[in-house]
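Here's the letter readout for the chains.
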Amino acid sequence: MGKVKEIWGFLRTRKKWWLTPVIVVLLLLSLVLVLSQGSAIAPFIYAIF
């Protein structure tokens, strides 16, 4: 949680709100890759990237 607070503090103080969608998309993509790692969908997802 320390990293999340650090990133949130950076976004608030530097007014870098345009980074928020980028961070959210990266988190969602990483979540999809982690959750599908052991499934039958994994070869298709890795082929996309």
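Whatever comes next refers back to the structure up there.
Below is a summary of the structure that appears in this document. (Residues numbered from 1 in each chain as written. Predicted model: local features only at pLDDT ≥ 70, side-chain atom pairs only at ≥ 80, totals over all residues. Heavy atoms only, no water.)

## So, helix α1 (residues 2–14)
The end-to-end C-alpha distance of α1, which contains 13 residues, comes to 18 Å, matching closely the 18 Å that a straight helix rising 1.5 Å per residue would cover. A small share of α1 lies buried, amounting to one of its 13 residues. In the segment just after α1, K15 is the residue with positive phi, at about 55°. (Helix = DSSP H or I, 4+ residues; strand = E, 2+ residues; numbered from the N terminus. Expected span 1.5 Å × (residues − 1). Buried < 20%, exposed > 50% of the residue type's maximum accessible area, 1.4 Å probe, protein only.)

## Concerning unusual backbone geometry
A positive phi angle, close to 55°, is found at K15, a residue other than glycine. Looking at where K15 falls in the secondary structure, it is placed in the loop between α1 and α2 (19–35). K15 gets classed as exposed once you look at its relative accessible area, which sits at 59%.

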